Amino acid sequence: MAHTIQNLPLQAESGKIALRFYTHRLARIYAGWWPFFIIYCIAWVVLGSRNEKNLLNSFFLIPQGLNLNLLPITWTLSFELYFYTMLGILLLFPRRFLQPAVLASGLFVAISTICFFMTDLYQPRRFSEVTLLHEFFLFPLILEFAAGFLIFHFVAKHKSAQAWWPWAMSALGLGVAAIYYQLHADLLHPSGLAGFHHAPQRVLLVGGASVCLVAFALIAPAA
């Protein structure tokens, strides 16, 4: 997204640019999802599944509980739409505010995550208190979107002064730490790092490794 926005024209008509960017993002997601939605919906009806689903929210990828999604894995697409919506809104303003706004949003989510972690919100005993605010709008996964956006601009600005090996070693170290944590930590849920209860650790270890790997790919010399 950082690369895509960088290639957008700088014009006074920011509203048209923002609208075009957003409609293109929506088209890319829904054009791929809606055909599968129809297939899954037909199968859901034909097989006579008794599991309750919210088809309208599933169709438009509106955030909701995983058990209500026609296809649970589409929760990832809801987060993509969330990020695209934020960027579309930010494009209404002068482009110089874009990076600071993404950074500020990331810091806000990071601070919120620390507060939630310190108050044991991610413990199973408090799961009944979790709302969409916690598991979507301020979910730690948002930090990965912000970090990916910001690392592109950081590397683009400092590429000539950057060595590739620290990023590669960091990616390797965090990746190994993520595997070790998944295998040996006192997991609060069978799904481990993939579950809500370990979201902060997942973003720190897996997300951190991913960001470092992307930075390495951007800096590493071509073969």
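Relevant structure appears above.
Analysis parameters
Residues numbered from 1 in each chain as written. Predicted model: local features only at pLDDT ≥ 70, side-chain atom pairs only at ≥ 80, totals over all residues. Heavy atoms only, no water. Helix = DSSP H or I, 4+ residues; strand = E, 2+ residues; numbered from the N terminus. Contact = heavy atoms within 4.5 Å. 1 Å grid on protein atoms, 1.4 Å probe; cavity = no way out; pocket = protein on both sides within 12 Å on 5 of 7 lines; lining within 4 Å. Points joined across faces, edges and corners; volume = space filled by probe spheres on them. Nonpolar A, V, L, I, M, F, W, Y, C, P; charged D, E, K, R; others polar. Axes fitted to C-alpha atoms, helices over the stretch in contact; angles between N-to-C directions. Left-handed = near helix turned anticlockwise from the far one by under 90°. Expected span 1.5 Å × (residues − 1). Bend = angle between axes of the 7 residues up to and from the residue. Phe/Tyr/Trp six-rings, centres within 6.5 Å; stacked < 30°, edge-to-face > 60°. Lys NZ or Arg CZ within 6 Å of the ring centre and 35° of its normal. Buried < 20%, exposed > 50% of the residue type's maximum accessible area, 1.4 Å probe, protein only. Polar contact = N/O pair within 3.5 Å; in protein donor to acceptor, adjacent residues only side chain to side chain. Patch = residues over 30% accessible without salt bridge, like charges linked within 9 Å, V, L, I, M, F, W, Y side chains within 5 Å. Areas by Shrake-Rupley, 256 points an atom, 1.4 Å probe, with all protein chains shown as cover. Salt bridge = Lys/Arg side-chain N within 4 Å of Asp/Glu carboxyl O.

S.K.: Could you give me a rundown of the overall build of the protein chain, with the residues and numbers involved?
M.R.: Check the secondary structure of the protein chain and you find 9 helices and 0 strands. When its helices and strands are written in sequence order, the protein chain yields α-α-α-α-α-α-α-α-α. Projected onto its principal axes, the C-alpha positions of the protein chain cover 60 × 50 × 40 Å. Restricting to contacts in the protein chain with at least 6 residues of sequence separation, those with at least 24 account for 67%.

S.K.: Just give me the short version of the layout of surface pockets, but keep the residues and values in it.
M.R.: Put simply, the largest pocket is a space of about 510 Å³. Taken together, 22 residues make up the lining of the largest pocket; nearest its centre are L66, W75, E135, F139 and F196. Breaking the lining of the largest pocket down by element, the ones donating at least two residues are α4 (75–90), α6 (132–137) and α9 (199–219). Classifying every residue of the lining of the largest pocket gives 12 nonpolar, 8 polar and 2 charged.

S.K.: So what about the packing of helix α5 (residues 98–118) against helix α7 (residues 142–158)? Which residues, and what values?
M.R.: As a packed pair, α5 and α7 sit with axes 9 Å apart at the nearest point and diverge in direction by 145 degrees. Seen along the crossing, α5 lies across α7 with a hand that is left-handed. Contacts from L98, Q99, V102, L103, G106, V109 and A110 in α5 reach I142, L143, A146, F149, L150 and H153 in α7. Per-class residue counts for the contact of α5 with α7 are 10 nonpolar, 3 polar and no charged.

S.K.: Report on helix α2 (residues 14–46), specifying residues and quantitative values.
M.R.: Over its 33 residues, α2 runs 47 Å from end to end, which matches the ideal 48 Å to within 8%, given 1.5 Å per residue. Residue Y30 marks the point of greatest curvature in α2, where the axis turns by about 30 degrees. Among the structural elements, α1 (2–6), α3 (55–60) and α4 are those in contact with the buried residues of α2. Positive backbone phi, approximately 65 degrees, marks G48, located one or two places after α2.

S.K.: Can you break down unusual backbone geometry residue by residue, with the values?
M.R.: In this model, L61 sits at a positive phi of 60 degrees, which is unusual for a non-glycine residue. Following the sequence through the fold, L61 ends up in the loop between α3 and α4. Even without being a glycine, D120 presents a positive backbone phi close to 65 degrees. One can find D120 in the loop between α5 and α6.

S.K.: Describe in detail the packing of aromatic side chains, supporting the description with residues and values.
M.R.: This structure, assessed with the given rule, holds 19 aromatic pairs. Ring geometry for F79 versus F136: centroids 4.7 Å apart, planes at 40 degrees, classification tilted. A residue pair is termed long-range when its members are at least 10 positions apart, and F79 in helix α4 and F136 in helix α6 qualify at 57 residues. It is R25 that lies over the ring of Y84; its NZ or CZ is 5.8 Å from the centre.

S.K.: Tell me what's going on with α9, and back it up with residues and numbers.
M.R.: Over its 21 residues, α9 extends 29 Å from the first C-alpha to the last, a length consistent with the 30 Å expected when each residue adds 1.5 Å. By the largest-angle criterion, G207 marks the main kink of α9, which is about 30 degrees. Listed in full, the buried residues belonging to α9 are A199, P200, Q201, V203, L205, G207, G208, A209, V211, C212, A215 and I219. Looking at the buried residues of α9, the elements they touch are α5, α7 and α8 (164–184).

S.K.: For the side chain of K53, give the residues involved together with the corresponding values.
M.R.: Position of K53 relative to the elements: it lies in the loop between α2 and α3. Reaching out from K53, the side chain makes a polar contact with the backbone oxygen of N67 at a distance of 3.2 Å. A polar side-chain atom of K53 sits 3.2 Å from the main-chain carbonyl oxygen of N69. Once you skip the residues sitting within four places of it in the chain, K53 turns out to touch W44, N67, L68, N69 and L70.

S.K.: Pulling in residues and values, what's your account of a nonpolar patch on the surface?
M.R.: The grouping of W164, W165, M169, L172 and V176 at the surface amounts to a nonpolar patch, some 580 Å² of accessible area in total. Here M169 is to be found in helix α8.

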